[in-house]
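Coordinate inspection notes
Residue-level listing of the chains:
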Amino acid sequence: LPRYFVGVLDKDSGQMEVYNAEIFNMQPLLSGRRILCSTVASESQHARPTRECYWWEGGSAGVSNKVVPVQNTVFLICVSLAQMDLCIEAFGTSKQKRALNSRRMNAVGSDILNTAVTKAAANVINTKGVTALIQDVAQDDVQNISIFLPPCNEDADKPENVYKLEDILSPAEYEALQVPAAVFVNITPEEITKKTEDKSHCSFVLEELKFLPADEKSRDHKARCLWFLDTLIKFSYLKVIKKKHPMGPECPQIITRKLMKNFTSLTYNNGSVQNLISASMKAKIIAYVIALALHINNFQTDLTILQNDMKLQESRMMDIAKAMRLKVSKAKGLQGLENDKNHMLGTLSLPLPVQKASGNQRKRKKMN
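Residues numbered from 1 in each chain as written. Predicted model: local features only at pLDDT ≥ 70, side-chain atom pairs only at ≥ 80, totals over all residues. Heavy atoms only, no water.

- The name an unreviewed UniProt entry assigns to the protein is RPA49 polymerase, from the organism Sagittarius serpentarius.
- What UniProt states about the protein under its Sequence similarities (unreviewed entry) heading is, verbatim, "Belongs to the eukaryotic RPA49/POLR1E RNA polymerase subunit family."
- What UniProt records for the protein under Subcellular location (unreviewed entry) is the sentence "Nucleus, Nucleolus". (UniProt positions renumbered as here; feature names shortened; annotations may be inferred.)

1. Details of the nonpolar core
- Judged by nonpolar contacts, the single largest core of 64 residues is most densely connected at Phe204, Phe228, Leu229, Phe235, Ile290 and Met324.
- Mapped by element, the contributors of at least two residues to this core are helix 4 (165–168), helix 6 (178–185), helix 8 (203–209), helix 9 (216–236), helix 10 (253–262), helix 11 (279–296), helix 12 (303–309) and helix 13 (314–323).
- The element best represented in this core is helix 11, accounting for 13 residues.
- Leave out the neighbours within four places in its chain, and Phe228 touches Ile168, Leu169, Leu177, Ile255, Lys258, Leu259 and Leu292. (Core = buried A, V, L, I, M, F, W, Y, C linked by side-chain atoms within 4.5 Å. Buried < 20%, exposed > 50% of the residue type's maximum accessible area, 1.4 Å probe, protein only. Helix = DSSP H or I, 4+ residues; strand = E, 2+ residues; numbered from the N terminus. Contact = heavy atoms within 4.5 Å.)

2. So, the environment of Tyr4
- With respect to the element layout, Tyr4 can be found in strand 1 (residues 4–9).
- Sequence separation of Tyr4 and Tyr19 is 15 residues, and the distance between their C-alpha atoms is 8.7 Å.
- Not counting the four nearest positions on each side in its chain, Tyr4 is found in contact with Tyr19, Asn20, Ala21 and Ile23.

3. Things to note about the pattern of salt bridges
- Under the defined criterion, the tally for this structure stands at 10 salt bridges.
- The partner of Arg224 in a salt bridge is Asp220, with the nearest N and O atoms 2.8 Å apart. Taken together, the positions of Arg224 and Asp220, both in helix 9 and 4 residues apart, correspond to about one turn of that helix.
- By relative accessible area, Arg224 is classed as buried at 7%.
- In this structure, the salt-bridge partner of Asp230 is Lys234, at a minimum N-O distance of 3.1 Å. Of this pair, Asp230 and Lys234 both sit in helix 9, 4 residues apart, which is roughly one turn of the helix.
- Looking at Lys234, the relative accessible area reads 31%, which means it is partly exposed. (Salt bridge = Lys/Arg side-chain N within 4 Å of Asp/Glu carboxyl O.)

4. Details of helix 9
- With 21 residues, helix 9 should cover 30 Å at 1.5 Å per step; its first-to-last C-alpha distance of 31 Å lies within 8% of that length.
- The element helix 9 is extensively covered by neighbouring structure, given that 15 of its 21 residues are classed as buried.
- Where helix 9 starts, the residue carrying a side-chain oxygen 3.3 Å from the main-chain nitrogen of Lys217 turns out to be Asp215. (Expected span 1.5 Å × (residues − 1). Polar contact = N/O pair within 3.5 Å; in protein donor to acceptor, adjacent residues only side chain to side chain.)

Shown next as structure tokens:
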């Protein structure tokens with residue numbers, strides 16, 4: 001086994017005496033200042049109180065420290081963070097000194113950055129004013145949302161051509177919905193009541209199932225749109241897609257691929273690529289749900305029911321509805337669905353409302 005020694009230098013005589021030493025690890029509890037104490041039994045009668053008799057090797061807070069007790073010596077080390085930095089400067093290893101310099105540089109950099117950001121923010125606020133800044137942020141939010149909207153045909157001659165159904169569901173996808181939507185085509189009032197009690201579908205779909213057209217072709221069309229809308233809303237509840245068939249085996253493969261390709265973003269986690277429904281992807285789902293609901297409801301739909309189904313705040317739903325150029329108005333809710341509260345009604349009509357630019361915002365009055 002290796003043996004350890006420590007030399008004690010007598011400043012008066014210039015001579016050094018060598019003592020047996022033992023290395024052991026201490027893990028102090030740190031709270032602001034910390035005190036490390038050690039007492040060693042005497043084995044020599046030649047030690048003098050003027051001698052400097054400790055050897056300390058350690059790191060920053062939370063790191064184990066090595067202390068070598070010196071025989072015939074009682075020593076006390078009172079260590080604060082500042083004192084510890086001084087010890088590292090004097091006795092630390094090269095690695096500890098590099099870490100200390102890096103920490104100090106980062107602290108200086110953070111102070112400079114915080115000061116610069118604070119001054120810049122104050123200058124911007126003084127120049128533009130708080131109200132103008134809030135308006136600019138709101139306008140930026142609308143522009144960011146617009147990226148995830150369905151393709152919009154501003155020159156459309158009819159409301160159904162503004163957000164075309166073909167841009168929401170391709171002909172092949174629409175055809176694939178015939179089989180799963182058959183359960184809606186042939187549904188009975190008793191089954192609707194049972195599904196309402198079980199809450200197996202969203203409120204919007206359950207309410208619309210009560211008013212399926214008698215015409216076979218129109219009934220089948222509405223059933224397909226309702227089934228896909230219900231699937232979109234359920235898909236929006238997910239966070240990370242881990243299953244091969246996230247919406248179940250009854251969902252056609254072409255629809256599953258559409259959901260994964262158009263409404264998720266790829267992320268790298270734990271060594272693998274995963275499909276994630278991010279906040280921007282959820283905003284895209286909301287926009288497509290609104291567009292589909294407009295087609296189902298003759299281009300006027302209850303936004304509050306959709307908002308509740310998708311578990312959104314009203315402000316979020318209103319932002320997306322206005323970005324889609326809908327006229328929003330208050331209307332009484334449908335019977336049995338929070339009828340005591342005003343619901344927000346979204347209407348798609350021509351000509352489309354003109355989006356206001358941030359430069360058209362009303363100027364603030366100067367106070368004399």
